[in-house]
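# An overview of the molecular structure
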Protein chains: 2
Amino acid sequence: MSENVAIIGIGHSKFGTRKDVNLPELAWEAIKPALDSANVEQKDIDFYVVGNAGMWSSEAAVPSLMAEYADLAPKGSMRVEAACASGNAAIRVGYTAIKSGGADIVLVLGIEKMQESPNPTIIELIGRFGSYFWEFENFGLTFPGYYAMYGTAYMAKYGATEEDYAKVAVKNHYYGAKNPYAQFRKEIDIDTVLKSPYIAWPFKLFDCSPITDGAAAVILASEEFAKDVEDKIWILSQGVGTGTANLSRRDDFTTLPSASYAAEQAYKKAGIDLDAPWKYLDGANVHDCFTAPEIIAYEDCRFCKRGEGVELIREEQTYIGGRIPVNIDGGLKAKGHPIGATGVSQAVEAYKQLLSQAEKGRQADIKNGRWLTHNVGGTGHFTYVTIYGLEKR
Amino acid sequence: MSENVAIIGIGHSKFGTRKDVNLPELAWEAIKPALDSANVEQKDIDFYVVGNAGMWSSEAAVPSLMAEYADLAPKGSMRVEAACASGNAAIRVGYTAIKSGGADIVLVLGIEKMQESPNPTIIELIGRFGSYFWEFENFGLTFPGYYAMYGTAYMAKYGATEEDYAKVAVKNHYYGAKNPYAQFRKEIDIDTVLKSPYIAWPFKLFDCSPITDGAAAVILASEEFAKDVEDKIWILSQGVGTGTANLSRRDDFTTLPSASYAAEQAYKKAGIDLDAPWKYLDGANVHDCFTAPEIIAYEDCRFCKRGEGVELIREEQTYIGGRIPVNIDGGLKAKGHPIGATGVSQAVEAYKQLLSQAEKGRQADIKNGRWLTHNVGGTGHFTYVTIYGLEKR
């Protein structure tokens, strides 16, 4: 058994519309650099796990396709799914595989090709990650609509405005423009958001994360295997929560209980003070599938008190140099959101930031050596929060 | 961390056509008895994992549906998929969650509702667990066809006959008739099989496992938590293998390399002699999605030498009293094969057999205190082999 588990390699494809590659080719764009940067070969991999929501691809046996294309057979594998949190769920499976002593080196791949859906409408497929029969089929509720209820409730309770939400998009596009792997690399201003067409009030087109093809990979290793790595990135802790499927069973639309629970668990396990956890972190990636949920994530992750999340964005406290930089890779909003890849992409970003390897203009100051990732499936149907730590030699 | 992980409770729904219940209700039929027999409540569960292939159900957020219906929120969860090995893959995630120290009590649920497919044809959905675009869309290859290639190759190489294959079905129906949870509870004879219509030569209707709705659950616990349990069932070891997606890349159609690899791994980890491992076991459940693959499984699991699997069935060596009883719950063939539930159902059977709790006429002699389960996804795209052990107080 290995008390601690390290990330020793990372890989990331270009996110966007990737009709130029098939699923295994897209995977390889992330796997190859991950193997190279970890300085391992396929034969060294003991086990691999794929985070993939999968309804977007006609290919169901994704780990098996990888076995063939990336030469990973006969090593064991599985696919894990927790809606949009599938990537971080896959990291959890890799993490426990090593921590339990069952493996020394694990490849975790997150992947989704969403642009070539075999089913009639992408919106219907995404809807299936809610309480499908009740909410989607009966009421026609779609994901922009789901999160819009959170957006309006937060506006009603705390006085946030559409302009406040637009500021989240502006920040994330600002940093996305500096990330070569991002789907959208263009800065926008408040007006771009406010003048874009409504999707589900208060959300306009520029409040929404896009439909994305992409892959990300990390190589995890046991303490023993990571011992020669210079500056190590450890998985310090994880918190996991599940929420009700049916939104009518929820009391409050200004918080995701699964996220609050997961964050609390992650902080406790990492020995981080629950009163002001941001003081122990150098930055975070949160699940900004829409703009308002980024603000709610600030609160669920305790970067501020309830109701004060909107102040953080107004005061630019989640830019580099503020209280805690958030989504300075562009977030789901500008980097893109290939469902199964997102949680793994967040881990790649944590690794790069903690090792000060992020691209020019988007590197945080690393003082505490800790980075948080917050990955939500559905509207809080699942939340995975992981805290990564840097150990300098 | 817990060096060892025990099964402390089990639950099993009736398998069959279950249009009388929805997905959460079907799950509860397995979860309720599992909680009761483990003597735990929902609040005691630290984490839960669902094995579910899922394409058959329009409801994608199955663990979240369970959170609500079975009152499991806010505990963390995920869905895992490894085609028809999803159930045993879910057990692996639960096992490592506890072994890594991340949880004390884990609920593992396997579930599938296949009779109400939202998609046009079940056969197409199953086909997606192969190399879909190449084999299914180009050549129209379906799962009976896939495995028929194995069946014919085995006949050609070792002289097995259609009658030999029929004997597997006769055995499994013989035991299925004694299992109150089985889909088919009717004994059949060789003629029933031989006179049934061809599906894909050499397989006839009665060589094929059915389309099934069903759920099975186990409660896993850490050593500390299981310490007061009288006679304990431990997970002794697991082996996991992955095969190529594309059948044209396979050298030999009389063995599944992922299964041989997984079995070898499981035996080694459990300290079981690779030369005659059956001497250390009291019985096994193998993945008889069709009749021929049961015989190939005998060989991949080393219950006999290569080419001698057909002798085992001819000589009734896999009946109770023979070399090693196999699928004496009816197997996938007669008990039914609700994709995601099958691997968990096999664990339930291992537990019952080792504790001598199986129904009349289908209880093996328990001398060695070890039971093997062999759960295959696709045509060896994934194989999970788990060995369970009894520790008597």
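Above: the structure in question.
Let us look at the structure shown here. Residue numbering note: each chain is counted from 1, following its sequence as written. Whichever chain is written first becomes A and whichever ligand is written first becomes 1, with later ones labelled in order. Where totals are concerned, whole chains, interfaces and linings use all residues; where local detail is concerned, this predicted model gives features only for residues with pLDDT of at least 70, and gives and counts side-chain atom pairs only at 80 or more.

## What about the overall build of chain A?
What counts, and what does not: Strands here are runs of E lasting at least two residues and helices are runs of H or I lasting at least four, both read from the DSSP assignment and numbered beginning at the N terminus. Throughout, the radius of gyration refers to the C-alpha atoms, and the reference size of a globule is 2.2 Å times the residue count to the power 0.38. Our exposure labels follow a C-beta count within 10 Å of each residue's own C-beta, placed from the backbone: buried means 20 or more other C-beta atoms, exposed means 12 or fewer, and partly exposed covers the counts in between. What counts as a contact here is a pair of residues whose C-beta atoms, placed from the backbone, lie within 7 Å.
What chain A contains, in helices and strands, is 14 helices and 11 strands. Here the C-alpha radius of gyration of chain A, 19 Å, is about what a compact globule of 393 residues would show, namely 21 Å. Across its three principal axes, chain A shows a C-alpha extent of roughly 55 × 45 × 40 Å. For chain A, buried positions account for 65% of its 393 residues. Of all intrachain contacts in chain A linking residues separated by at least 6 positions in sequence, the fraction that spans at least 24 positions is 78%.

## Topic: the nonpolar core
The line we're drawing: Only buried residues count toward a nonpolar core: Ala, Val, Leu, Ile, Met, Phe, Trp, Tyr and Cys, linked into one set through C-beta atoms within 7 Å.
Ranked by size, the top nonpolar core spans 273 residues in total, and within it Leu109(A) and Leu109(B) carry the most contacts. Other than its neighbours up to four places away in sequence, Leu109(B) contacts Ala27(B), Ala30(B), Ile31(B), Tyr48(B), Val50(B), Met66(B), Ala215(B), Ala217(B) and Val344(B).

## Overview of the interface of chain A and chain B
We count it as follows: As a working rule, the residues Ala, Val, Leu, Ile, Met, Phe, Trp, Tyr, Cys and Pro are called nonpolar, Asp, Glu, Lys and Arg charged, and the rest polar, with Gly in that last group. Strand pairing is assigned whenever DSSP identifies at least 2 bridges connecting the two strands.
Between chain A and chain B, the residue contacts involve 51 residues of the former and 51 residues of the latter. Sorting elements by how many residues they give to the side of chain A that touches chain B places strand β3 (residues 76-81) of chain A first, with six residues. Among the residues making up the side of chain A that touches chain B, the classes are represented as 26 nonpolar, 17 polar and eight charged. Pairing analysis gives three bridges linking β3(A) to strand β3 (residues 76-81) of chain B, with the strands arranged antiparallel. Paired with Glu81(A) across the strands is Arg79(B), a residue of β3(B).

## Considering the relation of the copies chain A and chain B
Convention followed: Residues reaching a pLDDT of at least 70 in both copies supply the C-alpha atoms on which the copies are superposed by least squares.
When chain A is fitted to chain B, the residual RMSD is 0.0 Å, and the transformation amounts to a turn of 180° plus an axial shift of 0.0 Å. In short, the pair behaves as if placed about a two-fold rotation axis. When the interface residues of chain A are mapped onto chain B, 100% of them are again interface residues, pointing to one common binding face.

## Focus: the pairing of strand β1 (residues 5-12) of chain A
Residue and element names in this part refer to chain A. Most of β1 is tucked away, with eight of its eight residues classed as buried. Taken together, the seven bridges between β1 and strand β7 (residues 213-222) define a ladder with antiparallel strand orientation. Opposite Val5, over in β7, you have Ser222 as the bridge partner. Relative to strand β8 (residues 232-242), β1 runs antiparallel, the two being bridged by two bridges. Its bridge partner being in β8, Ala6 is matched across the sheet by Trp234.

## Focus: helix α6 (residues 143-158) of chain B
Threshold: Between the first and last residue of a helix there are one fewer steps than residues, each counted as 1.5 Å, and that sum is the expected span.
In a regular helix each residue adds 1.5 Å, so 16 residues correspond to 22 Å; α6(B) covers 23 Å between its end C-alpha atoms and thus fits that length. Where α6(B) terminates, the next one or two residues include Gly159(B), which has phi positive at roughly 75°.

## What about the pairing of strand β11 (residues 382-391) of chain B?
Residues and elements named next belong to chain B. In terms of burial, β11 is a largely internal element, nine of the 10 residues being buried. Pairing of strand β8 (residues 232-242) with β11 involves 10 bridges; the strand directions are antiparallel. Among the inter-strand pairings, Gly239 is bridged to a residue of β11, identified as Val385. Taken together, the eight bridges between strand β10 (residues 370-377) and β11 define a ladder with antiparallel strand orientation. From the neighbouring strand, Thr373 faces β11, where its bridge partner is Thr386. With antiparallel pairing between neighbouring strands as the criterion, β10 and β11 make up a hairpin whose turn holds four residues, including Gly378 at a positive phi of roughly 60°.

## Quick notes on helix α1 (residues 23-38) of chain A
Residues and elements named next belong to chain A. Worth spelling out the cut-off: For a residue, the bend is simply the angle between two axes, fitted respectively to the seven-residue segment ending there and the seven-residue segment starting there.
Look at α1: 23 Å from first C-alpha to last across 16 residues, which is about the 22 Å you get at 1.5 Å a residue. Of all the bends in α1, the largest measures some 30° and sits at Glu29, one to four residues before the proline Pro33. For α1, the complete set of buried residues consists of Leu23, Leu26, Ala27, Trp28, Ala30, Ile31, Ala34, Leu35 and Ala38. Those residues of α1 hidden inside the fold are in contact with β1, α2 (62-69), β4 (105-113) and β7. Among the residues trailing α1, Asn39 stands out with phi positive, at a value near 60°.

## Overview of the packing of helix α6 (residues 143-158) of chain A against helix α11 (residues 291-300) of chain A
Residues and elements named next belong to chain A. Quick reminder of the rule: Between N-to-C directions, angles cover 0 to 180 degrees, with each direction set by a line fitted to C-alpha atoms, over the stretch in contact for helices. An angle below 35 degrees is treated as roughly parallel, one above 145 as roughly antiparallel, one from 65 to 115 as roughly perpendicular, and anything else as oblique. Whether a crossing is left-handed or right-handed is set by the direction in which the near helix is turned from the far one by less than a right angle, anticlockwise for left-handed and clockwise for right-handed.
The N-to-C vectors of α6 and α11 enclose an angle of 60°; their axes lie 9 Å apart at closest approach. As far as their axial angle goes, α11 and α6 are oblique. α11 is crossed by α6, and the crossing has left-handed handedness. Facing Tyr147, Tyr150, Gly151 and Tyr154 of α6, the residues of α11 in contact are Ala292, Pro293, Ile295 and Ile296. Split by residue class, the contact of α6 with α11 holds seven nonpolar, one polar and no charged.

So, to be careful, I would describe these as geometric facts and stop short of saying anything about function.
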